[in-house]
Amino acid sequence: MSLAPRAVLVHRTTEYEELVARHGTHGQAAFFLASRGRDIAEIADRHHRAHRALAEVTAAIPPAWRQARVERSDLDRFLFAPEDVVVVVGQDGLVANVAKYLTGQPVIGIDADPGRNPGVLVRHRPRDTAKLLAADTGCEELTMVEAVADDTQRLVALNEIYLGTPGHQTARYRLGLDGDGGVVEAQASSGVLVGTGTGATGWLRSVWQERGGRFALPSPTEERLVWFVREAWPSPATGTSLVAGELGTSGGLTLTVESDRLIAFGDGMETDALQLTWGQTVRVGVCGERLRLAGR
């Protein structure tokens, strides 16, 4: 007998909950914010809207379905099953946070606070949940990026992967491209950013604009990545000729560490990062897996 589908609701602790956890009570949190010229009422209102959205989505799940909830900070410890339907209730970034832990499960993005989110990934309202779960909704397959280290560590991201230092120190490494005849360049920089068409609406776009937009950014479903070296430093030992480019499905970017420690993390989740040391090599390219996101 096959199992009934399981709806996995992914959410994030609200700013109000974080404030109360830090200060102990609503009153103490309100006093703290007032001393800095802020009113807790606005934050509490957003908290209530988020919980109303979560309650509305929960009520729309068919009675025969199984249910589970997972908070953003617990994603790396949650086991997703093949029959899961993942319902993300929150911000666009929360969809990116969950993407790396999935293996083809469909994702429905629910905007918990319309008007504050761009709605690129959380495309639906809570009232649409029942219809989306009942229908065989078509999904867009969004390109993802992966980094694989020579010790088999692997990282997947929906928006972008950052390679550099965990602090603000200079990252030192050797950079090379597949099919470039083995040419590599020693570099010292603020790190390397490799991302997708989905990521082209965020961090990648800001770097692209600063560089003058020399090439077109990919679309979310296009199997093409773009990469940028941030603030490459020219010196007698380091170069700046390889600072931006594009990667197709057969191409990759290879980085060999020449620092005591570098990390690679995806979509802003630095707590779940690859740890890289002297002499290690990591290759970054188009991921063979896709995020299946319910369309509009």
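Residues numbered from 1 in each chain as written. Predicted model: local features only at pLDDT ≥ 70, side-chain atom pairs only at ≥ 80, totals over all residues. Heavy atoms only, no water.

Peer 1: Outline the overall build of the protein chain, supporting the account with residue identities and numerical values.
Peer 2: From N to C terminus, the protein chain includes six helices and 16 strands. For the protein chain, the spread of C-alpha atoms along the principal axes amounts to about 65 × 55 × 35 Å. With 296 residues in all, the protein chain has 49% of them scored as buried. Looking at the protein chain alone, contacts between residues at least 24 apart form 67% of all its contacts between residues at least 6 apart. Working note: accessible area of the protein chain is about 14200 Å², and carbon and sulfur atoms make up 51% of it. Where the 31 positive side-chain charges of the protein chain centre and where its 37 negative ones centre are 4 Å apart. (Helix = DSSP H or I, 4+ residues; strand = E, 2+ residues; numbered from the N terminus. Buried < 20%, exposed > 50% of the residue type's maximum accessible area, 1.4 Å probe, protein only. Contact = heavy atoms within 4.5 Å. Areas by Shrake-Rupley, 256 points an atom, 1.4 Å probe, with all protein chains shown as cover. Lys, Arg positive; Asp, Glu negative; His and termini not counted. Charge placed at Lys NZ, Arg CZ, Asp CG, Glu CD.)

Peer 1: I'd like a rundown of unusual backbone geometry, residues and numbers included.
Peer 2: Phi is positive for Thr152, close to 80°, though the residue is something other than glycine. Looking at where Thr152 falls in the secondary structure, it is placed in the loop between β5 (139–149) and β6 (154–157). Phi at Glu231 takes a positive value of approximately 55°, unusual for a residue other than glycine. The residue Glu231 is located in the loop between β11 (225–229) and β12 (244–247) in this model.

Peer 1: An account of the packing of aromatic side chains is needed here, citing residue identities and associated values.
Peer 2: For the structure shown, the criterion picks out four aromatic pairs. Judged by centre distance (4.8 Å) and plane angle (70°), the ring pair of Phe78 and Phe80 falls under edge-to-face. In this structure an aromatic cluster arises from ring pairing among Tyr162, Trp203 and Phe265. (Phe/Tyr/Trp six-rings, centres within 6.5 Å; stacked < 30°, edge-to-face > 60°.)

Peer 1: Explain the nonpolar core to me, using residue names and the numbers behind them.
Peer 2: Looking at soluble globular proteins, one finds that nonpolar side chains tend to be buried together. Core analysis: the biggest nonpolar cluster contains 28 residues, and Leu163, Val194 and Leu255 have the highest contact counts within it. By size, the runner-up hydrophobic cluster in this structure holds 26 residues, among which are Leu75, Val95, Met269 and Cys287. (Core = buried A, V, L, I, M, F, W, Y, C linked by side-chain atoms within 4.5 Å.)

Peer 1: Can you break down the pairing of strand β8 (residues 171–177) residue by residue, with the values?
Peer 2: Bridging between β8 and strand β9 (residues 184–189) involves six bridges; their strand directions are antiparallel. Note that in β9 the partner of Gly176 across the bridge is Val184. Hairpin connection between β8 and β9: a loop of six residues separates the two successive antiparallel strands, and Gly179 in this loop has a positive phi of roughly 75°. (Pairing = 2+ DSSP bridges.)

Peer 1: Describe in detail the sheet that holds strand β7 (residues 160–164), supporting the description with residues and values.
Peer 2: Reading across the sheet, the six strands line up as β12-β11-β10-β7-β14-β15 and stay open at both edges, with antiparallel pairing between neighbours. Since the sheet does not close on itself, it has two edges, and those belong to β12 and β15 (274–277), each with one partner. Each adjacent strand pair in this sheet contributes to an overall mean axis angle of 15°, direction not counted. As paired elements, β11 and β12 share four bridges and run antiparallel to each other. Among the inter-strand pairings, Phe228 is bridged to a residue of β12, identified as Ala244. (Axes fitted to C-alpha atoms, helices over the stretch in contact; angles between N-to-C directions.)

Peer 1: Outline the environment of Leu253, supporting the account with residue identities and numerical values.
Peer 2: Along the chain, Leu253 falls in strand β13 (residues 252–257). In the structure, Leu253 is positioned 69 residues away from Val184 in sequence and 10 Å away in space, judged by C-alpha atoms. Once residues lying within four places of it in the same chain are set aside, the contact partners of Leu253 are Leu175, Gly176, Leu177, Val192, Val194, Trp227, Leu247, Val282, Arg283 and Val284.

Peer 1: Before we move on, could you go through the side chain of Glu185 and cite the residues and values that matter?
Peer 2: Mapped onto the elements, Glu185 comes out in strand β9. Here Glu185 is buried and forms no salt bridge, its nearest opposite-charge partner Arg174 lying at an N-O distance of 9.5 Å. At 2.8 Å, the side chain of Glu185 forms a polar contact with the side chain of Gln187. A distance of 3.1 Å separates a polar atom in the side chain of Glu185 from the backbone nitrogen of Leu242. Ignoring sequence-local partners within four residues, the contact set of Glu185 consists of Tyr173, Arg174, Leu175, Gly239, Thr240, Ser241 and Leu242. (Salt bridge = Lys/Arg side-chain N within 4 Å of Asp/Glu carboxyl O. Polar contact = N/O pair within 3.5 Å; in protein donor to acceptor, adjacent residues only side chain to side chain.)

Peer 1: Give a detailed account of the confidence of the model for the protein chain, specifying residues and quantitative values.
Peer 2: Per-chain confidence: the protein chain averages 93 in pLDDT, with 99% of residues scoring 70 or above. The spread of mean pLDDT over the elements of the protein chain runs between helix α6 (residues 203–210), the lowest at 90, and strand β1 (residues 6–11), the highest at 97. (pLDDT = per-residue confidence, 0-100.)

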